[in-house]
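Spelled out, the chains give:
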Amino acid sequence: MKHRVKTRCFFHAQKQEVYAVGRNKSNFVDLCQGDFGRKTAYTGVAQITTENVVQVLSDTIGTHNRNRMMINYLYRYYKGDQPILYREKLVRPEVNNRVVENHALEVVKFKAGQIYGEPIQYVCKKKKADKKINEQVDLLNDYLDEANADARNIQLGIYQSAVGTAYKAILREDDWTKDRDLPPFRIFIPYPGDVYIVYSRNTGKAMLSVQILKDEENQQYYLCYSSNQYFKIKNGQVTVSGINGFGGIPIVEYPNNHDRLSDVEIAITAFDAINKYQSDRLNGVEQFVQAFMKFKNCEIDENEFLKMVKLGAISVKDAGNGVQSDVDLMTAELNQSESQVAKDDIYNNMLIVEAMPNRQSNTGGDTGNAVYLRNGWDFAERDAKLVEAFTKEAEKASARIILSIIRKTSNDIKISTRDFDVKITRNPTDNMLVKAQALDYLFKNKIHPLIALITCGLFSDPQKVYEMSLPYLGTVYPELANPDAEMQKAQELIKDFSQKSIRNQSATISSTDEE
């Protein structure tokens, strides 16, 4: 049965495509009218069915269309399409330099590199560490490597930073067979302007993914997935529906932050001001070079003037009556030093807002850690951790879809997301000497090697490093003669350590309540 709802929203979606091919002639504040961030689409229905999916789509597509305009603008802005390129001058319009210093590109690449510059790894949880689970986690990482997850994640990170949100689609690989090296799944990063997720207004749970596509005849349709079904909607009708075999919604949202604010829009007025400063400075230089020539009490026609310009010399006669004649250039040179100071101030404030380190040179006498703190790297690290939490949550959701596909195809991985953590590594060599000295100090003081490896922060997967290093740790720890028995002791130690931490926290909470 086909279900149809009459609504103007479907036609409004077509209208928005006109803006997608436009230019960023106006500034972003006028476009968003001060309402920054991407809006979240919500529904009040308890379950998505064939009977209500069209209505849910109709109720939420307007929110997406508003977001789509912002997404198109911000992504073009990141690529260099900025309002300064379309500036018009009323005074001396022939001197109109339009310079884009694309600091938006600089910000987006830095932010994406903070989270996705190093490959995201799945590492075994310490309390579940054993050889079998470690092998399964390694196999899952191998699958991700074959699926080019690193390249897809970088693409996702650019969208996430540039427009405020991004989406990852996990699809079945149609060409997969047991005899080939291809993984049974494929990772696809759609353009954020063509995808959105509808969440439950009551629980915040993802209820429906909506993807805007075009068929072979270039006709637009909507491909929607709920947790149990999929729907193809065209011209306000459900044309195809069926069972969702992915085990969940196969499109996962990766928001940049809770408000889905773009790293570009939070400082976009500063970017525009820097462009204007640089363009006006060039205009000042050009207007100085091409200054107007002033003839005072002189009589000269156009032909004579052109001849003098060609010769490079000017000869004038007094008009008589005792009035002195003069020829001069009308110049007013822009103070470049003061302009540079003002521009640098805007740039430095932009770095502070974006939580990015500056390029201040070392004046001497500072330690590496002091420079790390002074130049803003510590602030950048703390800001990255805020994004990291949202990324880990989304990555776990993507992993559940991947594991569901593997169980129904190759069936060689039988773990769940409870067995591993998502590890995001930014720069493991930061303060490497200090970390290595801490590890050496812990070893010499006979701290358990697994605890020492975890504490020093030198390795992204200390459990695996411990297992690989057991045969060599005998020189430091003679008692490690039996690696298998020691592994069992290490697992029990971590388990006891975790349980004691929980008991201590519970005791602290109880004592606080009694007080």
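Only a predicted model underlies this, so the values are computations on that prediction, with no experimental measurement involved.

Definitions and limits used
Residues numbered from 1 in each chain as written. Predicted model: local features only at pLDDT ≥ 70, side-chain atom pairs only at ≥ 80, totals over all residues. Heavy atoms only, no water. Axes fitted to C-alpha atoms, helices over the stretch in contact; angles between N-to-C directions. Helix = DSSP H or I, 4+ residues; strand = E, 2+ residues; numbered from the N terminus. Parallel < 35°, antiparallel > 145°, perpendicular 65-115°, else oblique. Left-handed = near helix turned anticlockwise from the far one by under 90°. Contact = heavy atoms within 4.5 Å. Nonpolar A, V, L, I, M, F, W, Y, C, P; charged D, E, K, R; others polar. 1 Å grid on protein atoms, 1.4 Å probe; cavity = no way out; pocket = protein on both sides within 12 Å on 5 of 7 lines; lining within 4 Å. Points joined across faces, edges and corners; volume = space filled by probe spheres on them. Salt bridge = Lys/Arg side-chain N within 4 Å of Asp/Glu carboxyl O. Pairing = 2+ DSSP bridges. Expected span 1.5 Å × (residues − 1). Bend = angle between axes of the 7 residues up to and from the residue. Buried < 20%, exposed > 50% of the residue type's maximum accessible area, 1.4 Å probe, protein only. Patch = residues over 30% accessible without salt bridge, like charges linked within 9 Å, V, L, I, M, F, W, Y side chains within 5 Å. Areas by Shrake-Rupley, 256 points an atom, 1.4 Å probe, with all protein chains shown as cover. Lys, Arg positive; Asp, Glu negative; His and termini not counted. Charge placed at Lys NZ, Arg CZ, Asp CG, Glu CD. pLDDT = per-residue confidence, 0-100.

**Student:** How do you make sense of the packing of helix H4 (residues 103-116) against helix H11 (residues 377-407) when you look at a structure like this?
**Tutor:** The packing of two helices is summarised by the inter-axis angle and the distance between the axes. Packing of H4 against H11 brings their axes to within 10 Å, and their N-to-C directions diverge by 65 degrees. In terms of orientation, H4 and H11 fall into the roughly perpendicular class. Relative to H11, the crossing made by H4 is right-handed. Residues Phe 110, Lys 111, Gln 114, Ile 115 and Tyr 116 of H4 form the contact with H11, whose participating residues are Trp 377, Ala 380, Glu 381, Asp 383, Ala 384, Val 387, Glu 388 and Thr 391. Across the contact of H4 with H11, the residue classes tally to 7 nonpolar, 2 polar and 4 charged.

**Student:** What is the right way to look at the layout of surface pockets in this model?
**Tutor:** Empty space left among the atoms is revealed by rolling a probe the size of a water molecule over them. Looking at the largest pocket, its volume works out to about 790 Å³. Around the largest pocket, the lining is made up of 26 residues, and of these Tyr 199, Gly 204, Ala 206, Glu 393 and Ala 397 lie nearest the centre. Those elements that place two or more of their residues in the lining of the largest pocket are strand E5 (195-200), strand E10 (251-255) and H11. In terms of residues, the lining of the largest pocket owes the most to one element, H11, which gives 6 residues. When its residues are assigned to classes, the lining of the largest pocket shows 12 nonpolar, 7 polar and 7 charged.

**Student:** What am I meant to see in the pattern of salt bridges here?
**Tutor:** A side chain with one charge can pair with a side chain of the opposite charge if their charged atoms come near. One pass over the full model with this rule turns up 15 salt bridges. One salt bridge connects Arg 87 with Asp 280, and the closest N-O pair in it is separated by 2.8 Å. Separated by 193 residues along the polypeptide, Arg 87 in the loop between helix H3 (53-79) and H4 and Asp 280 in helix H7 (residues 268-289) bring together distant segments of the chain. One salt bridge connects Lys 111 with Asp 383, and the closest N-O pair in it is separated by 2.8 Å. With Lys 111 in helix H4 and Asp 383 in helix H11, this residue pair connects regions lying 272 residues apart in the sequence.

**Student:** Got a minute to help me understand the sheet that holds strand E1 (residues 41-43) in this structure?
**Tutor:** Picture the strands of a sheet paired through backbone hydrogen bonds; they go either parallel or antiparallel. A sheet is described by the order of its strands in space; here 6 strands give the open sequence E1-E5-E6-E7-E8-E9, paired in mixed fashion. The outermost strands of the open sheet, each flanked by one partner alone, are E1 and strand E9 (237-243). Direction aside, the axes of adjacent strands within the sheet are offset by 25 degrees on average. Summarising the sheet, strand E8 (residues 229-234) and E9 pair through 6 bridges and their orientation is antiparallel. Bridge assignment links Ile 233 to a residue of E9, and that residue is Val 238. Sheet strands touched by H3: E1, E5, strand E6 (206-214), strand E7 (220-225), E8 and E9. Its angle to E5, the strand with the most contacts, is close to 125 degrees.

**Student:** Mind showing me how you'd approach H3 here?
**Tutor:** Count 3.6 residues to each turn of an α-helix, and residues three or four apart come out pointing the same way. Under the 1.5 Å per step criterion, the end-to-end length of H3 is 36 Å for 27 residues, consistent within 8% with the ideal 39 Å. Of all bends in H3, the biggest is about 35 degrees, found at Thr 60. The buried fraction of H3 is high, at 21 of 27 residues. Remark: Gly 80 follows H3 within two positions and exhibits a positive phi of approximately 115 degrees.

**Student:** Looking at this model, I keep getting lost on unusual backbone geometry. Mind explaining?
**Tutor:** The phi torsion of most residues other than glycine is negative, and most of the peptide bonds are trans. Of note, Ala 355 is a non-glycine position whose phi angle comes to about 55 degrees, a positive value. When you line up the elements, Ala 355 lands in the loop between helix H9 (336-353) and helix H10 (368-374). Even without a glycine there, the phi angle at Asn 411 is positive, about 55 degrees. Mapped onto the secondary structure, Asn 411 falls in the loop between H11 and strand E13 (420-423).

**Student:** Any chance you could explain a negative patch on the surface here in plain terms?
**Tutor:** Judged by side-chain charge, Asp 142, Asp 145, Glu 146, Asp 150 and Asp 181 come together as a negatively charged surface patch. Per-element accounting of the negative patch gives the leading share, 3 residues, to helix H5 (residues 131-146). Tracing the backbone shows Asp 150 in helix H6 (residues 149-163).

**Student:** Teacher, can you tell me more about the confidence of the model for the protein here?
**Tutor:** Caution applies to low-pLDDT regions: their predicted coordinates should not be interpreted in detail. In the predicted model, the protein carries a mean pLDDT of 82, and the fraction of residues at 70 or more is 74%. The low-confidence segment residues 1-20, where pLDDT is below 50, has 42 contacts with residues more than four positions distant or belonging to other chains.

**Student:** For this particular structure, what's the right way to read empty space enclosed by the protein?
**Tutor:** Tallying each qualifying case throughout the model produces 1 cavity of 30 Å³ or more. Space inside the largest cavity adds up to approximately 130 Å³. Around the largest cavity, the lining comprises 18 residues; the ones closest to its centre are Lys 39, Asn 67, Tyr 167, Tyr 196 and Glu 253. Sorting the residues of the lining of the largest cavity by element identifies H3, strand E3 (165-172) and E5 as the ones contributing at least two each.

**Student:** Explain the packing of H5 against H11 to me, please; I cannot follow it from the model alone.
**Tutor:** Remark: H5 packs on H11, axes separated minimally by 12 Å, with the N-to-C direction vectors making an angle of 100 degrees. Judged by the angle between their axes, H5 and H11 are roughly perpendicular. Only Ile 402, Leu 403 and Ile 406 of H11 make contact with H5, whose side of the interface consists of Leu 140, Tyr 143 and Leu 144. When grouped by side-chain class, the residues that make up the contact of H5 with H11 number 6 nonpolar, no polar and no charged.

**Student:** Looking at this structure, how should I read the sheet that holds E3?
**Tutor:** Ordered in space as E4-E3-E10, the 3 strands form an open sheet in which the pairing is antiparallel. Each end of this open sheet is capped by a strand with a single partner; those strands are strand E4 (185-188) and E10. The mean angle between the axes of side-by-side strands here comes to 20 degrees, regardless of whether they run parallel or antiparallel. The sheet contact formed by E3 and E10 spans 5 bridges and is antiparallel. Bridge pairing links Thr 165 to Pro 255 in E10.

**Student:** So what exactly am I meant to see when it comes to the pairing of E10 here?
**Tutor:** Remark: a regular strand shows side chains that alternate across the two faces of the sheet. Judged by how many residues are buried, E10 sits mostly within the fold: 5 of 5 residues are covered. The alternating pattern of E10 places Ile 251, Glu 253 and Pro 255 on one face and Val 252 and Tyr 254 on the opposite face, and all of these are buried.

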